[in-house]
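Each chain, letter by letter, is given below.
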Amino acid sequence: MYVNAHRQEHLITPKYKGKVLSRGDGQIPTLMYDLFYIGTPHKTESRIASIVIQACKRYGQEPLEDNMHNIWCYVGGDTTDIMFSCHMDTVHTEEEEISLCLSTGAEKDSGFLFAVKKDNKKCGAILGADDKIGVYILLKMIQRKIPGMYVFHVGEEAGCVGSTWLADHYKDSDILKQIKKCVAFDRRGTTDVIHTQR
């Protein structure tokens with residue numbers, strides 16, 4: 001299945017057999033549940049930012065927030081030459097609660113996440129894995145103390161708002177000049193859509 005967001009053409013959502021998940025039921029990590037269960041369009045990233053800040057502090061780090069509301073965190077010192085990035089917004093058009101489901105069908109169709117509307121379990125919903133799975137991966141890297149500069153951007157789905165602001169405001173600073181490698185944990189290309197997550 002794919003969604004062509006530019007033309008708003010949607011193919012029919014495949015029918016999956018699954019069970020609705022609850023926070024803390026042990027089926028997926030609580031952190032993952034907390035990131036995914038509400039859609040996060042641009043300008044509503046504060047809930048995700050709060051989760052990021054709390055997790056960074058819990059993992060012994062001191063996160064920073066810039067004037068655009070991007071969240072930064074250094075692991076192993078601020079002289080690193082590698083940046084890891086992701087974004088906190090999704091393609092949702094409104095901040096809506098969704099039901100997360102774990103597929104339970106045949107083996108080839110089991111063990112992945114998908115989303116349905118909270119008020120209509122027969123209607124598929126946007127999972128928001130682009131890029132909440134990136135947020136989750138970066139937080140787990142921070143927990144494991146992998147050295148680097150970590151940046152959680154705002155507004156990427158709205159036109160690279162956070163990353164453009166960061167590049168424009170810090171282009172002449174040592175903060176970005178020392179970065180030699182940047183790894184963005186995001187989906188690739190413009191034609192693929194994360195609709196399930198194994």
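As shown above, the structure is provided for reference.
Everything in this summary refers to the structure shown in the same document.

## Points about the packing of helix α2 (residues 46-58) against helix α3 (residues 129-143)
With their axes 10 Å apart at the nearest point, α2 and α3 run at an angle of 15° to one another. Judged on the interaxial angle alone, α3 and α2 are roughly parallel. In this structure, α2 meets α3 at a crossing whose hand is right-handed. Listed contacts from α3 to Arg47, Ile48, Val52, Ala55 and Cys56 of α2 are Lys132, Val135, Leu139 and Ile142. Residues of the contact of α2 with α3, tallied by class, amount to seven nonpolar, no polar and two charged.

## Focus on unusual backbone geometry
That bond from Asp130 to Asp131 is cis: its omega, 20°, falls within 30 degrees of zero. Along the chain, Asp131 turns up in helix α3. A positive phi angle, close to 80°, is found at Lys43, a residue other than glycine. As for its placement among the helices and strands, Lys43 is situated in the loop between α1 (30-36) and α2. The backbone of His69 shows a phi angle near 80°, a positive value even though the residue is not glycine. Relative to the assigned elements, His69 resides in the loop between β4 (64-65) and β5 (71-75).

## Structural notes on the packing of aromatic side chains
In total, this model carries six aromatic pairs according to the counting rule given. Measuring from ring centre to ring centre gives 5.0 Å for Trp72 and Tyr170, while their planes differ by 65°; the resulting arrangement is edge-to-face. Taken together, the positions of Trp72 in strand β5 and Tyr170 in helix α4 (residues 161-170) put the pair 98 residues apart, joining distant regions of the chain. The class of Tyr170 is partly exposed, set by a relative accessible area of 22%. Judged by centre distance (5.1 Å) and plane angle (40°), the ring pair of Phe84 and Tyr150 falls under tilted. Residue Phe84 is located in strand β6 (residues 82-87), and its partner Tyr150 is located in strand β10 (residues 148-153); the two are separated by 66 residues in the primary sequence. For the residue pair Phe84 and Tyr150, the accessibility class agrees, reading buried in each case. Joined through ring pairs, the aromatic side chains of Trp72, Trp165 and Tyr170 make up one cluster.

## Section: the sheet that holds strand β9 (residues 120-124)
With antiparallel pairing, the four strands of this open sheet are ordered in space as β3-β7-β8-β9. Because the sheet does not close on itself, it has two edges, and the strands there are β3 (18-20) and β9. Within the sheet, the average angular offset between the axes of one strand and its neighbour, ignoring direction, is 45°. As judged from the three bridges shared by β3 and strand β7 (residues 98-104), these two strands associate in the antiparallel manner. Each bridged residue has a counterpart across the sheet, and for Gly18 the counterpart in β7 is Ser103.

Reading the values: the criteria
Residues numbered from 1 in each chain as written. Predicted model: local features only at pLDDT ≥ 70, side-chain atom pairs only at ≥ 80, totals over all residues. Heavy atoms only, no water. Axes fitted to C-alpha atoms, helices over the stretch in contact; angles between N-to-C directions. Helix = DSSP H or I, 4+ residues; strand = E, 2+ residues; numbered from the N terminus. Parallel < 35°, antiparallel > 145°, perpendicular 65-115°, else oblique. Left-handed = near helix turned anticlockwise from the far one by under 90°. Contact = heavy atoms within 4.5 Å. Nonpolar A, V, L, I, M, F, W, Y, C, P; charged D, E, K, R; others polar. Phe/Tyr/Trp six-rings, centres within 6.5 Å; stacked < 30°, edge-to-face > 60°. Buried < 20%, exposed > 50% of the residue type's maximum accessible area, 1.4 Å probe, protein only. Pairing = 2+ DSSP bridges.

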